[in-house]
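# Observations on the three-dimensional arrangement
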Amino acid sequence: LREWPIDHFAQVARFILKDPSRILVLVGTAQADYKAHRLMAILNDPKVFNCSGKTSLVQMLELFTSSTVMISNDCGLAHLAMLTPIPKLVLFGPESPNVFGPLGKNTHLFYSQWPCSPCLSVVSHRQSSCQDNQCLKVIAPKSVIEALQQYA
């Protein structure tokens, strides 16, 4: 429920990769590796590198420090990135950025503010009857690209 559609990420990634000087590094836990491979297959670009499940905490912080921008679902990596100066573009849907948004400067939050959101909360024990996260799907790749242009 907390994941932006992979096709949306692919549209943003294609924009990033239009510039021949840019690379894309995919990070996450080992459990996110299959999604990274799916995105790599969609993009089919040698400038995309998969580091999912292959980085230590220190390496992740070093990567954030040396990168231009981070685009992320609402997850722990967005909070970890607040320890570095990296600009963060973070996508929220079934949880509220007002409660769970990462702190710090250079943070752009995307949130559709649907009436049913947040449907995941501590009150609901992070359980939801939602089967179709339209609250995330309606966040257009174009809006993320527009925000990205401020940083990259």
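In what follows, the structure referred to is the one given above.
Residues numbered from 1 in each chain as written. Predicted model: local features only at pLDDT ≥ 70, side-chain atom pairs only at ≥ 80, totals over all residues. Heavy atoms only, no water.

Here three strands make up an open sheet; going across it, the order is 3-4-5 and the pairing parallel. A single partner strand is all that each edge strand has here, and the edge strands are strand 3 (70-73) and strand 5 (107-111). The mean inter-strand angle of the sheet, taken between neighbouring strand axes irrespective of direction, is 20°. Across four bridges, the pairing between strand 3 and strand 4 (residues 88-92) is parallel. The residue of strand 4 that forms the bridge with Asn73 is Leu91. (Pairing = 2+ DSSP bridges. Helix = DSSP H or I, 4+ residues; strand = E, 2+ residues; numbered from the N terminus. Axes fitted to C-alpha atoms, helices over the stretch in contact; angles between N-to-C directions.)

What follows covers the packing of helix 1 (residues 6-17) against helix 7 (residues 141-148). In contact at an axis separation of 9 Å, helix 1 and helix 7 are set at 35° when each is read in the N-to-C sense. Every pair of crossing elements has a handedness; the one defined by helix 1 and helix 7 is right-handed. Residues His8, Gln11, Val12, Phe15 and Ile16 of helix 1 touch helix 7, and the partners they reach there are Pro141, Val144, Ile145 and Leu148. Partitioned by chemical class, the residues of the contact of helix 1 with helix 7 number seven nonpolar, two polar and no charged. (Left-handed = near helix turned anticlockwise from the far one by under 90°. Contact = heavy atoms within 4.5 Å. Nonpolar A, V, L, I, M, F, W, Y, C, P; charged D, E, K, R; others polar.)

Below, the discussion takes up a nonpolar patch on the surface. Taken together, the side chains of Met82, Leu83 and Leu103 define a hydrophobic patch exposed on the protein surface, amounting to about 320 Å² of accessible area. By the element assignment, Leu103 lies in the loop between helix 5 (97-100) and strand 5. Here Leu103 falls in the exposed class, since its relative accessible area comes to 60%. (Patch = residues over 30% accessible without salt bridge, like charges linked within 9 Å, V, L, I, M, F, W, Y side chains within 5 Å. Areas by Shrake-Rupley, 256 points an atom, 1.4 Å probe, with all protein chains shown as cover. Salt bridge = Lys/Arg side-chain N within 4 Å of Asp/Glu carboxyl O. Buried < 20%, exposed > 50% of the residue type's maximum accessible area, 1.4 Å probe, protein only.)

What follows is about the layout of surface pockets. To find leftover empty space, a probe the size of one water molecule is rolled over the atoms. Put simply, the largest pocket is a space of about 1,200 Å³. What lines the largest pocket is a set of 42 residues, and nearest its centre among them are Phe9, Val25, Leu26, Val27 and Ile71. Only helix 1, strand 1 (24-26), helix 2 (33-43), helix 3 (57-66), strand 3 and helix 4 (76-81) provide two or more residues apiece to the lining of the largest pocket. For the lining of the largest pocket, the class distribution of residues is 26 nonpolar, 10 polar and six charged. (1 Å grid on protein atoms, 1.4 Å probe; cavity = no way out; pocket = protein on both sides within 12 Å on 5 of 7 lines; lining within 4 Å. Points joined across faces, edges and corners; volume = space filled by probe spheres on them.)

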